[in-house]
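Working through the structure, step by step
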Amino acid sequence: LYECENQVYNLEAMKKGKGCLLFYFGLIVSFSLFLKGLFGVPELSCPEGFQEAQEKSLQETERLVKKACATPPGPEIVMIFDQLSDSLCRVADLADFVKIAHPNLAFREAAEDACRNIGTMVEKLNTDVDLCQSLRKLLADKEVMASLDPDTRRVAELFMFDFEISGIHLDEEKRRKAVNLNVKILDLCNEFLMGSHLPNRIDKHILPPHIHHNFAVEGNYVQISGLSADNPDDLVREVAYKVFLFPNAQQLQCLEELLTNRNLLAQLVGYDTFAHRALQGTMAKTPEKVMQFLVKLSDKLFKRTLDDFEMMNGMKMKLNPMKSELMPWDHPYYSGVLRAERYNIEPSLYCPFFSLGACMEGLNILFNKLLGVSLYVEQPEKGEVWCEDVRKLAVVHEKEGLLGYIYCDFFQRPDKPHQDCHFTIRGGRLKENGEYQLPVVVLMLSLPHSSRGSPTLLTPGMMENLFHEMGHAMHSMLGRTRYQHVTGTRCSTDFAEVPSILMEYFANDYRVVNQFARHYETGQPLPKHMVSRLCESKKVCAAADMQLQVFYAVLDQIYHGKHPLGKSTTDILKETQEKFYGLPYIPNTAWQLRFSHLVGYGAKYYSYLMSRAVASMVWRQCFVQDPFNRAMGERYRREMLAHGGGKEPMLMVQGMLQKCPSVEDFVDALVSDLDQDFETFFMDSE
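Cut-offs used in this document
Residues numbered from 1 in each chain as written. Predicted model: local features only at pLDDT ≥ 70, side-chain atom pairs only at ≥ 80, totals over all residues. Heavy atoms only, no water. Buried < 20%, exposed > 50% of the residue type's maximum accessible area, 1.4 Å probe, protein only. Helix = DSSP H or I, 4+ residues; strand = E, 2+ residues; numbered from the N terminus. Pairing = 2+ DSSP bridges. Axes fitted to C-alpha atoms, helices over the stretch in contact; angles between N-to-C directions. Parallel < 35°, antiparallel > 145°, perpendicular 65-115°, else oblique. Contact = heavy atoms within 4.5 Å. Nonpolar A, V, L, I, M, F, W, Y, C, P; charged D, E, K, R; others polar. 1 Å grid on protein atoms, 1.4 Å probe; cavity = no way out; pocket = protein on both sides within 12 Å on 5 of 7 lines; lining within 4 Å. Points joined across faces, edges and corners; volume = space filled by probe spheres on them. Phe/Tyr/Trp six-rings, centres within 6.5 Å; stacked < 30°, edge-to-face > 60°. Lys NZ or Arg CZ within 6 Å of the ring centre and 35° of its normal. Core = buried A, V, L, I, M, F, W, Y, C linked by side-chain atoms within 4.5 Å.

So, on to the pairing of strand β5 (residues 221-224). In β5, alternate side chains face the same way, and those of Val222 and Ile224 are buried while those of Tyr221 and Gln223 on the opposite face are not. Linking two consecutive strands that pair antiparallel, namely strand β4 (residues 216-218) and β5, is a turn of two residues; a positive phi of about 65 degrees is found at Gly219 within it.

Right under this line is the structure:
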């Protein structure tokens, strides 16, 4: 028996799939003395193992390519292609995580090499004419295609789409050029990503001495590595904004080259712009539809955003009458001040109710009631995890049994990125022997460690982020497709965020929070009025926050639109900021050089807004009456989670909502979320 935060769990019952939540920290029992590799991959017990793993993968790839080229048209072709995808992804996906998160530099560097080598192989395969021809023969055989089930047809078409956007229809010289462009773009993406996080420095004598302590001082220089957005000193925020966003010539050139090469690739393979290429297969489908969505949303937000800026300006005038004009570095700070003043949402009041154990208990209760799924701690074998505080969860369905594994890398450590992420390590698929290959994912957070007198306590924002990332994990676990190529979160970007954002709605519902939020010392439940205040506080200045996201999304669309751009990326930033945001552009700054999402979300940054609109509609229509409605939970799994990327995203949304939403529906859903709850307003004013 293990006692943890007033809960007692029976390990044997947990192994047999009985009992409730199993999440505990601080107790490590080793059941194995045998050294395994990372995630149980035997080769990865040392950094050199990445070389062995990728060599095995490439040998398997060569074998499967030969097999595909020799196989007549039929469903076996699609299965071979999926095996090929799985063989490469099992190394590339794992390496993608290890290269940024492993505490050992040698592991990170080995993983980086593996990513590059596997990525290069993928681009070569996507322009392999013989391999493509084997798939083309299948797609051209109408009789065979008619005999395939919808999932197999869809996956065959998606594989062909990968060939087409890589330029398979081009002559040999142009195909080679497409491969080279892809490799160059990959390198530029890595360079831009690294540069976007690098600090800027300034001679310390230029700055007033009384603000030096807010930054890292090295010799005669002050090093500034972020925007200090929450600092109460207006001057500190202004200095951080102007110095951190001061343009770096090398980073500027890198961005321009990245955008130019993306456009060259898109046009080479037959698209007008990179955005047209990137949006194939998404909910939005075209950049024109994206811009229609963003412009309509901006128009609806306009008046509310002006009101928000006026409130922030009034607060700044009150606190700093000598310099009261609202500037870009003021938005995050003064919106936070307004929230705190109006609703008294000091995080320290909430943290004692959100111990990590309690929050995991809450997730377990929610998943169990809604989906029949429970989370169980499983002891990893020696060498299986990269840090001793990583926990391994088995995800078990009440009837279907073990669904997969979630590795929880939750705690801060040196050199670990301060970002909350979900990583697919291995996709699920039906194997040739009839067994199901279980999905494996990592959830990475940056939570504080427990202290001697208390467990790890989460702020409300941390709790919401935990629910968000666990939404991705459940998508991975329940998107049990036959084919690895479309498993779980391997779907269009503007749909992939729907399950995670939907979880935020659950995290902000008192009926859900009341199931688990207990004071870690007294056991007292979190009062309803505190949850209500917290939820309503998020609506303060929310229009301005959303307007800022619209500005970023529009900027992304313009950068990936018609080329040549005609103006510098900074001039475009200035124009777009004035039109779609409202706060003035600051001379000699280049925010776009810190816009790291341009790498992973190129032409798709709008996805956060569109996914939020869908999540809002699903919440209001299906769960607002009863967040634990099992029938709705099963419908949600059946219509939205189960298909991964194996079904058109808009068809999944349509299946859940029982209607096909329009652009206006998306906009209305987002704007309606900004409306205050008058019950809370009156309750607080009494």
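So, about the packing of helix α24 (residues 607-623) against helix α27 (residues 663-672). One can describe the packing of α24 onto α27 by two numbers: an axis separation of 8 Å at closest approach and a directional angle of 75 degrees. As far as their axial angle goes, α27 and α24 are roughly perpendicular. Every residue of α27 that contacts α24 at Leu609, Met610, Arg612, Ala613, Val614, Ser616, Met617 and Arg620 is listed here: Asp665, Phe666, Ala669, Leu670 and Ser672. Its residues assigned to classes, the contact of α24 with α27 shows eight nonpolar, two polar and three charged.

Time to look at the pairing of strand β6 (residues 373-378). Summarising burial for β6: five of the six residues are buried, a large majority. Relative to strand β7 (residues 391-397), β6 runs antiparallel, the two sharing six bridges. Bridge pairing in β7 links Val373 to His397.

For the coordinates displayed, the defined rule picks out four cavities of 30 Å³ or more. Within this model, the largest cavity holds a volume of roughly 70 Å³. Around the largest cavity, the lining residues are Phe367, Leu370, Leu371, Gly471, Met474, Pro499, Leu502, Met503, Phe506, Tyr636 and Leu641. Within the residue set of the lining of the largest cavity, elements represented by two or more residues are α15 (356-371), α16 (460-478), α18 (498-507) and α25 (630-641). Here the lining of the largest cavity takes four residues from α18, the largest share from any one element. When the residues that make up the lining of the largest cavity are grouped by side-chain class, the tally is 10 nonpolar, one polar and no charged. In this structure, the second largest cavity is lined by Thr424, Arg426, Gly427, Gly428, Pro439, Val441, Ser476, Thr487, Gly488 and Thr489. Of the residues belonging to the lining of the second largest cavity, the class tally is two nonpolar, seven polar and one charged.

We now examine helix α26 (residues 649-657). Of all nine residues in α26, seven are buried, a share of seventy percent or more. For α26, the complete set of buried residues consists of Pro649, Met650, Met652, Val653, Gly655, Met656 and Leu657. On its buried side, α26 packs onto α7 (150-165), α17 (493-496), α24, α25 and α27. Taken from the residues just after α26, Gln658 is the one with a positive phi, measuring 65 degrees.

Moving on to the environment of Ser348. Mapped onto the elements of the fold, Ser348 is located in helix α14 (residues 347-350). Its relative accessible area of 45% is what places Ser348 among the partly exposed residues.

This part is about the packing of aromatic side chains. Counted by the stated rule, this structure contains 28 aromatic pairs. Here Phe97 and Phe423 contribute two aromatic rings whose centre-to-centre distance is 5.0 Å and whose plane-to-plane angle is 65 degrees, an arrangement assigned as edge-to-face. With Phe97 in helix α3 (residues 75-101) and Phe423 in strand β9 (residues 421-426), this residue pair connects regions lying 326 residues apart in the sequence. What makes Phe97 buried here is its relative accessible area of 1%. Here Phe423 falls in the buried class, since its relative accessible area comes to 13%. Pairing Phe309 with Tyr581 gives two aromatic rings, centres 5.8 Å apart and planes at 75 degrees, and the pair type is edge-to-face. Residue Phe309 is found in helix α12 (residues 287-319), and its partner Tyr581 is found in the loop between α22 (569-580) and α23 (597-600); the two are separated by 272 residues along the sequence. Look at Tyr581 and you get buried, because its relative accessible area is 7%. Grouping aromatic residues by their ring pairs yields a cluster made of Phe309, Phe551, Tyr552, Tyr581, Trp591, Phe595, Tyr601, Tyr605 and Tyr608. When the ring centre of Phe628 is taken as reference, the NZ or CZ atom of Lys369 above it lies at 4.7 Å.

Cis geometry is found at the peptide bond from His563 to Pro564, where omega equals 0 degrees. By secondary structure assignment, the location of Pro564 is in the loop between α21 (542-559) and α22. We note that Asn344 has phi near 50 degrees; this positive angle belongs to a residue other than glycine. By the element assignment, Asn344 lies in the loop between α13 (331-343) and α14.

Attention shifts here to the nonpolar core. The biggest cluster of nonpolar side chains holds 163 residues, and the ones touching the most others in it are Phe293, Leu297, Phe354, Ile406, Phe410 and Phe623. Looking at which element gives the most residues to this core, the answer is α21, with 12 residues. Excluding residues that lie within four positions of it along the chain, Phe354 makes contacts with Cys359, Thr456, Leu457, Leu458, Thr459, Pro460, Met463, Val513, Phe516, Ala517 and Leu526. Judged by nonpolar contacts, the second largest core, of 58 residues, contains Phe107, Ala111, Cys132 and Leu138.

Attention shifts here to the sheet that holds β6. Strand pairing in a sheet takes place through backbone hydrogen bonds and is either antiparallel or parallel in direction. Pairing is mixed in the open sheet, where five strands are placed in the order β6-β7-β8-β12-β9. Edge strands, defined here as strands with exactly one partner in the open sheet, are β6 and β9. Direction aside, neighbouring strands of the sheet carry axes that sit 30 degrees apart on average. As paired elements, β7 and strand β8 (residues 401-411) share seven bridges and run antiparallel to each other. Each residue of the ladder has a partner; that of Val396, found in β8, is Leu402. The strands that α3 touches are β8, β9 and β12 (440-447); relative to β9, the one it contacts most, it runs at about 145 degrees.

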